[in-house]
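# Structural characterization, general
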Amino acid sequence: TMTWNLICRSINTVMIQREHLSWNDDAMGCKFAHTKNDRVGDEAAYVRHIYGNPLMPWICPLLSIARYLCMFPGRDTGLLFPGDAQYDRFRQILYQVVQEHADEIRSMGIDPDDIGVHSIRKGAATYCCSGTTTGVAYAAVCVRAHWSMGGVKDRYIKYAEAGDRVCGRTLAGLDVNSHEFSISPPLFAVSPEDEGLI
C-alpha cells in the first residue's frame, strides 16, 4: 500500500525511515531523504500526503500501517520495515501470489509474467492519471513519482501541496466524483494518561 500510495519505487518504500513520517492535517505525510532522480536530497522537504479510506478498509493505507505498527511497534527512529533484503523478500512474496492466482490474472487478459514489483508503481500512476473521469494533473503525478517531465517543464513545474493532496486522495481509492472524496480518516481521542502508550 505504501508503494502504491506514494507512486514510489519499492526500494524507496523499503528505505522509509520512521522519522520521515508525520501527521499533516488529515493525512499521513512521508518524506524521502533522496531518490533515484534526487540523489542529493533537493526535494527532501516535499511531503507526500497519504490519505485513509474508511469506505474501503481493505485498501486503506493508514489502516495497513496502523496494523503493521501494532504488530511491530519498534522504535521512533530507524527503518519502518527493518531487516535484511526486504526488497527481495517482497519481490518473492509478490511472485508467489501472482503464481497462485495465475489463472485469475490470465482471465483478466494479463500475462502473469508481466507482473512484477514495478507494476505497482506503473499501475498507481496510470490509475491516478486516467483511472477516473477527472484524473489528477499529469504534472502532479510526475512530481509525486519523481519522474522528469523533461527540459523546461522540470524547471518551471514544481511540487505544490494541493496537487499532491489530490494525488493522495485519488490513490487511496476515494471517488473523485463523490462528496466523500474529502472524507476524514477515523480519529481517536487519547486521554493524557494513555499518550505514553502511543
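Thresholds, definitions, all that
Residues numbered from 1 in each chain as written. Predicted model: local features only at pLDDT ≥ 70, side-chain atom pairs only at ≥ 80, totals over all residues. Heavy atoms only, no water. Buried < 20%, exposed > 50% of the residue type's maximum accessible area, 1.4 Å probe, protein only. Helix = DSSP H or I, 4+ residues; strand = E, 2+ residues; numbered from the N terminus. Phe/Tyr/Trp six-rings, centres within 6.5 Å; stacked < 30°, edge-to-face > 60°. Pairing = 2+ DSSP bridges. Axes fitted to C-alpha atoms, helices over the stretch in contact; angles between N-to-C directions. Contact = heavy atoms within 4.5 Å. pLDDT = per-residue confidence, 0-100.

All of the buried residues along helix 9 (residues 161-171) are Asp164, Arg165, Cys167, Gly168, Arg169, Thr170 and Leu171. Taken from the residues just after helix 9, glycine 173 is the one with a positive phi, measuring 90°.

What follows concerns unusual backbone geometry. At isoleucine 7, a residue that is not glycine, the phi angle is positive and equals roughly 45°. Topologically, isoleucine 7 is positioned in the loop between helix 1 (2-6) and helix 2 (10-14). Judged by relative accessible area, which is 0%, isoleucine 7 ranks as buried. Phi at aspartate 25 takes a positive value of approximately 55°, unusual for a residue other than glycine.

The final tally for this structure, using the stated rule, is four aromatic pairs. The interplanar angle of 40° and the centroid separation of 5.2 Å between the aromatic rings of tyrosine 68 and phenylalanine 72 together place this pair among those described as tilted. Residue classification places phenylalanine 72 among the partly exposed residues on the basis of a relative accessible area of 49%. Aromatic pair tyrosine 68 and phenylalanine 81: ring centres 5.0 Å apart, planes at 55°, arrangement tilted. Residue tyrosine 68 is located in helix 3 (residues 61-71), and its partner phenylalanine 81 is located in the loop between helix 3 and helix 4 (86-100); the two are separated by 13 residues in the primary sequence.

Within a regular strand, side chains alternate between the sheet's two faces. Here strand 2 (residues 27-30) shows a buried face lined by Ala27 and Gly29 and a second buried face lined by Met28 and Cys30. As judged from the four bridges shared by strand 1 (residues 21-24) and strand 2, these two strands associate in the antiparallel manner. Within the sheet, the bridge partner assigned to tryptophan 23 lies in strand 2 and is methionine 28. Where strand 2 and strand 3 (residues 48-50) come together, three bridges link them in antiparallel fashion. Residue pairing across strands places cysteine 30 opposite arginine 48, the latter belonging to strand 3.

Within the open sheet, the three strands sit side by side as 1-2-3. Their pairing is antiparallel. Looking along the sheet, the strands with just one partner apiece sit at the ends: strand 1 and strand 3. Strand-to-strand, the axes of this sheet are offset by a mean angle of 35°, without reference to chain direction. The strands touched by helix 9 within the sheet are strand 1, strand 2 and strand 3, with strand 3 carrying the most contacts at an inclination of about 35°.

Moving on: the confidence of the model for the protein chain. Summarising the model, the protein chain shows a mean pLDDT of 87, and 89% of its residues fall at 70 or more. For the protein chain, the element scoring lowest by mean pLDDT is helix 8 (residues 151-156), at 84; helix 5 (residues 102-107) scores highest, at 96.

Our focus in this paragraph is the side chain of asparagine 5. Structurally, asparagine 5 can be placed in helix 1. A relative accessible area of 2% means that asparagine 5 is categorised as buried. When neighbours within four sequence positions are excluded, asparagine 5 is seen to be in contact with Ile50, Pro61, Arg144, Gly168, Leu171 and Ala172.

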